Structures are given as C-alpha cells and as structure tokens.
Amino acid sequence: MKIKPLTKEQLIISADRLTRFKDTETKYLRVFKDIINSNLIEPKLKKQDLDNIDYEELKNLAEKIINSSFDAKNDDCLINQRLYDYEKSLFNLNSKTEKLIKNKINYKAILNILPDDIPNNLKWFKTLGGTTPDNNSYGFPVKKILLCEGITEETLLPEFSKICGYDFDKNGIHIISAGGKNQVVKYFYNFAETLKIPVFILLDNDAEANLEEIKPKLREFDKIHLLKSGEFEDLLPESLIIKTLNYTTENISLVPVEDMHKNSSTVEFLEEFFKHRGLHEFKKADFAQSVKQNISGTEDISDEIKDIINELASLKEPAFTP
C-alpha cells in the first residue's frame, strides 16, 4: 500500500466535517471516501469500489491514511470513545455505521494542529482531550433542535433568547432554517426516524396543513409552535422595526409609524418601503442582520417571541455522558 500523508489543511477539514451536526453515516462515509480518493496512491480504488466496500474495511483504510500523517502512534482513544458516545446520544445508529465511528484515528494529534480561529464544533472538539469536556459553551454537544422556516428566525431567535437569559450555545440548541414550510416537514420526518433528542418546530401561521402532516410523526418529547398570525417578521415590535429602518437609512428617510398599518404584513410593508425609498431590494437575511444590531433589551422582544423561547427552554433535555 502506498499512501500520501494528509496535509494540515486536509486534517483540519476532516475533523471539522466529522464533528458537525449531521447524520453520522453520511458524514463519515463522505470524509473517509474523500481521504481514500485523495491520499491512497496504490492500490487506486474507483468510486464504485468504495461504494461497495465493507464499512469496516473502509474505516480501516481511512484510519491508516490519517494516522500515517503523524509520527506518533495513537495510544490514547479517549477522544474516539467520547465522539462515539456523543454520536450514539444523538442518533439511532445501525451496526454498519457503528463500525465507522469505532475507530482509532489519532484525534489527539489533530488537536495539536488546530488554529485558534475555528468554528464552534472544533472548539468543543478540542475540549474532548481534557479531563472534563466542555458541555456549556459552544453549542455542542447538541441537546435540542430548533427547526424553523426561514433565515429571520435563525438569525434573531438566538439573540432574543440570550437577552431573555437562555443562551442557545450554553444549552446546546442547534437551529436549522429549512427554507420553507414544506422543507420543515421533510426535515422533521427524517429527524423523527433518526434522532434521539427533542425537536422544537416553529411554523408560520399559514402552515396549518403542514402541522397536520407533522402530528402523526410527533414524539412525546417534541413540540410544535404555530404562530398566532402571519410570519416571524410580524412578531417584531414596531419600535424595533422603525429603529432598524432609521438605522439602515441613516435617518435620511424617517419612517412614519402610520405607514406600517397600511400593509397586511410586515414583510409587505418592508418591501414597499425599500422600493419607494429607492433602496436596494429588500432581503430578509440582510434585514435580519440589521435588526440584530439594533436589539437593545427585552423591550425589543414581543410576548409571543418570549413564549416561544420559554417553550423551547421547557423541553426536557436528553442525558449525555461523555
């Protein structure tokens, strides 16, 4: 067997992908196959070979290639065991997938090459080499899923929640913006089959039919919140919206309060405002970031948003033993 050692960049990317919140089998297969494709010189295996290979053999090949990138052997498998325990706490794993994560990859050596500027999953990964892993800082280990429709919720709910005293990162809340109500249903159907942890589902008011689709799959520890009216932007207090618009336009075009009541929804008002003020096209993602910069306290959080945060916080967390 002829192997080309992984570069530092390859090792960091591989560790990043293996520690993200994603289906265990999917991410391990992708990483291991990528490593073998890129760094196994002889024998050269084709994609079809890798697709048909036994998981145990696939793991052994990837493990050997990774470990060949370091001089020192891996005599300490504490991190490996903690990663295995973590994946088991999240997902219902089959015996084939367990073969992939029961490995002896030299994670300890990878920790030594991680730079300071890394995503939160790798910051948490670094703590796994210590006596007590850090379970309260980086959003990992993931303990609950917040599944919502759009980018506005994904951007603003963590900020609103932190102000209310419930920090998403410290409580292991992983938020997913599905990209629409139909996608929320697809995500949840998959989660209901594969996940062991609670899922909190947030739907716009027009998603009643989707709510009914979800109900049969709902587990006793999951929860749905259907907005009382409109969409998430409609929950933002008028004062916060006006403050944000005045900030965005640098007070060149102050917003008359009465204008907000002429439209059927906040988004419709914002689209009209941006259009008639000669501004760039209204984009929810950009506006949500501007709103985030202008949140100053609990007075900028509506009662229903506070209710959503309280409902999320009340979901029972699963036990996690590293």
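Here's a quick rundown of the structure. (Residues numbered from 1 in each chain as written. Predicted model: local features only at pLDDT ≥ 70, side-chain atom pairs only at ≥ 80, totals over all residues. Heavy atoms only, no water.)

This part covers unusual backbone geometry. Most peptide bonds adopt trans geometry, and most residues besides glycine take a negative phi value. That bond from E42 to P43 is cis: its omega, -5°, falls within 30 degrees of zero. With respect to the secondary-structure elements, P43 resides in the loop between strand 2 (40–42) and helix 3 (47–52). With an omega of 0°, the peptide bond running from F140 to P141 counts as cis. Locating P141 in the fold gives a position in the loop between helix 8 (120–127) and strand 3 (144–148). (Helix = DSSP H or I, 4+ residues; strand = E, 2+ residues; numbered from the N terminus.)

Glancing now at the environment of K223. Turning to its location among the elements, K223 is positioned in strand 6 (residues 223–226). A relative accessible area of 30% places K223 in the partly exposed class. For the pair K223 and G278, spaced 55 residues apart in sequence, the C-alpha to C-alpha distance is 42 Å. Every residue in contact with K223, bar those within four places of it in the chain, is listed here: V199, F200, I201, E311 and L315. (Buried < 20%, exposed > 50% of the residue type's maximum accessible area, 1.4 Å probe, protein only. Contact = heavy atoms within 4.5 Å.)

Where helix 5 (residues 78–90) meets helix 8, the axes come as close as 10 Å, and the angle between the chain directions of the two elements is 125°. Relative to helix 8, helix 5 is oriented oblique. For the pair helix 5 and helix 8, contact is made by I79, R82, L83 and Y86 and by W124, F125 and T127, respectively. Here the contact of helix 5 with helix 8 is built from residues that sort into 5 nonpolar, 1 polar and 1 charged. (Axes fitted to C-alpha atoms, helices over the stretch in contact; angles between N-to-C directions. Parallel < 35°, antiparallel > 145°, perpendicular 65-115°, else oblique. Nonpolar A, V, L, I, M, F, W, Y, C, P; charged D, E, K, R; others polar.)

Tracing the sequence through the fold places S161 in helix 9 (residues 151–163). S161 gets classed as buried once you look at its relative accessible area, which sits at 0%. The residues contacting S161, other than those within four sequence positions of it, are Y166, F168 and I309.

What the 4 strands build is an open sheet, ordered 4-3-5-6; its pairing is parallel. Pairing within the sheet leaves two strands with one partner each, and these edge strands are strand 4 (173–177) and strand 6. When strand polarity is set aside, the average angle formed by the axes of neighbouring strands in this sheet is 15°. Bridging between strand 3 and strand 5 (residues 199–203) involves 3 bridges; their strand directions are parallel. The residue bridging I145 from the neighbouring strand is V199, located in strand 5. (Pairing = 2+ DSSP bridges.)

Moving on, we come to helix 4 (residues 55–67). Look at helix 4: 18 Å from first C-alpha to last across 13 residues, which is about the 18 Å you get at 1.5 Å a residue. Buried within helix 4 are the following residues: Y55, L58, K59, L61, A62, E63, I65, I66 and N67. (Expected span 1.5 Å × (residues − 1).)

Grouped together as the largest cluster of nonpolar side chains are 63 residues, with contacts concentrated most on F21, F32, Y107, I110, F125 and I145. Among residues more than four places away in sequence, those in contact with I110 are L11, A15, I66, F70, I105 and F125. In terms of nonpolar packing, the next biggest core, distinct from the first, is built from 34 residues, Y166, F168, I173 and A288 among them. (Core = buried A, V, L, I, M, F, W, Y, C linked by side-chain atoms within 4.5 Å.)

This paragraph deals with the packing of aromatic side chains. The relation between two aromatic rings is expressed through the spacing of the ring centres and the mutual angle of the planes. Enumeration over the complete set of coordinates arrives at 11 aromatic pairs. On the basis of an interplanar angle of 25° and a centroid distance of 5.7 Å, the ring pair of F21 and F91 is categorised as stacked. Note that F21 is positioned in the loop between helix 1 (8–19) and helix 2 (24–39) and F91 in the loop between helix 5 and helix 6 (95–101), a separation of 70 residues in sequence. The pair F21 / F91 is uniform in exposure class, with both members buried. Every member of this aromatic cluster is reached through a ring pair, and the members are F269, F273, F274, F282 and F287. (Phe/Tyr/Trp six-rings, centres within 6.5 Å; stacked < 30°, edge-to-face > 60°.)

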